[in-house]
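Architecture at a glance
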Amino acid sequence: MGTNAGERTGSDVAQATALGVVIEIPAPHDAALRTWLRRYGGVAAAAVAPHITLVSGSTTDWDSAVEHVHKVAAQAEPFEVSLRGTGTFRPITPVVFLNVENGADSCSELHDALVDGPMRHEVAYGYHPHLTIAHEVEEAVMDLAQEELKGESLSFTVQSIGLFALDATGAWSLREELGLGGPSS
């Protein structure tokens, strides 16, 4: 028999559950982004909805983490995001991304609020809001993505954040969408 998120096992060791909080990219922008993800990252990359990660980690207390995400969402206000041009984390990490130009401060504030509580965890690098286009693919493909998308831009209003967990197949699955400025649970 398996354990539920945050449930204690027979050995009295808490079971960690993967958890992510993201900004999903709304229509009609998501269609173009999925095309780019497929072109530069392959079919597997296109299977993941285009998003800006706010926090990704794990928790041993799912209920407390969810309550915390609810509180953060309720205290935040909708904001504008503009993605413009490309960037990369190479040579440190093989990633090409779209830059969050406007709204980066709001993304960072949400990130900081989310990791200030039961979702606190150590990270290898500082938080840098972005939308990944190519990750761990051939250098030539990353170069092509960085060059071909450098003039692209899109804007949208962030009105909600998505709470994700890994499902039984190991895929990220939306558990709840939380409106910004909404009621706290």
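So, a few notes on the structure that sits alongside this text. Nothing here was measured: the structure is a model prediction, and the numbers come from that model.

Criteria and cut-off values
Residues numbered from 1 in each chain as written. Predicted model: local features only at pLDDT ≥ 70, side-chain atom pairs only at ≥ 80, totals over all residues. Heavy atoms only, no water. Buried < 20%, exposed > 50% of the residue type's maximum accessible area, 1.4 Å probe, protein only. Helix = DSSP H or I, 4+ residues; strand = E, 2+ residues; numbered from the N terminus. Pairing = 2+ DSSP bridges. Axes fitted to C-alpha atoms, helices over the stretch in contact; angles between N-to-C directions. Contact = heavy atoms within 4.5 Å. Salt bridge = Lys/Arg side-chain N within 4 Å of Asp/Glu carboxyl O.

**Some thoughts on the pairing of strand β6 (residues 153-158)**
Here β6 shows a buried face lined by Leu 154, Phe 156 and Val 158 and an unburied face lined by Ser 153, Ser 155 and Thr 157. Of the strand pairs in this sheet, strand β3 (residues 79-88) and β6 are connected by six bridges, and their pairing is antiparallel. Each residue of the ladder has a partner; that of Val 81, found in β6, is Phe 156.

**Some points on the sheet that holds strand β5 (residues 130-135)**
Spatial strand order, β5-β4-β3-β6: four strands in an open sheet with antiparallel pairing. With partners counted over all chains shown, the strands left at the sheet margins are β5 and β6, one partner each. When strand polarity is set aside, the average angle formed by the axes of neighbouring strands in this sheet is 30°. Relative to strand β4 (residues 95-102), β3 runs antiparallel, the two being bridged by five bridges. In the sheet register, Thr 86 faces β4, and the bridge partner there is Leu 98. In the packing of helix α1 (residues 29-41) onto the sheet, the strands contacted are β4, β5 and β6, and the crossing angle to β5 comes to about 30°.

**Details of the sheet that holds strand β7 (residues 160-166)**
If you walk across this open sheet you meet the four strands as β2-β1-β7-β8, and the pairing is antiparallel. The strands lining the two open edges of the sheet, one partner per strand, are β2 (51-59) and β8 (172-179). Ignoring strand direction, the axes of neighbouring strands in this sheet form an average angle of 25°. Inspection of the sheet shows strand β1 (residues 17-24) paired to β7 by four bridges, in the antiparallel sense. Residue pairing across strands places Leu 19 opposite Ala 165, the latter belonging to β7. Packing of helix α4 (residues 104-114) onto the sheet brings it into contact with β1, β2 and β7, and relative to β2 it is tilted by some 10°.

**Things to note about the pattern of salt bridges**
Counted according to the given criterion, the structure contains six salt bridges. We note a salt bridge from Asp 143 to Arg 90, for which the minimum N-O separation is 2.8 Å. One end of the pair, Asp 143, is in helix α5 (residues 139-148); the other, Arg 90, is in the loop between β3 and β4, and 53 residues separate them in sequence. On the basis of relative accessible area, Arg 90 is assigned to the buried category, the value being 18%.

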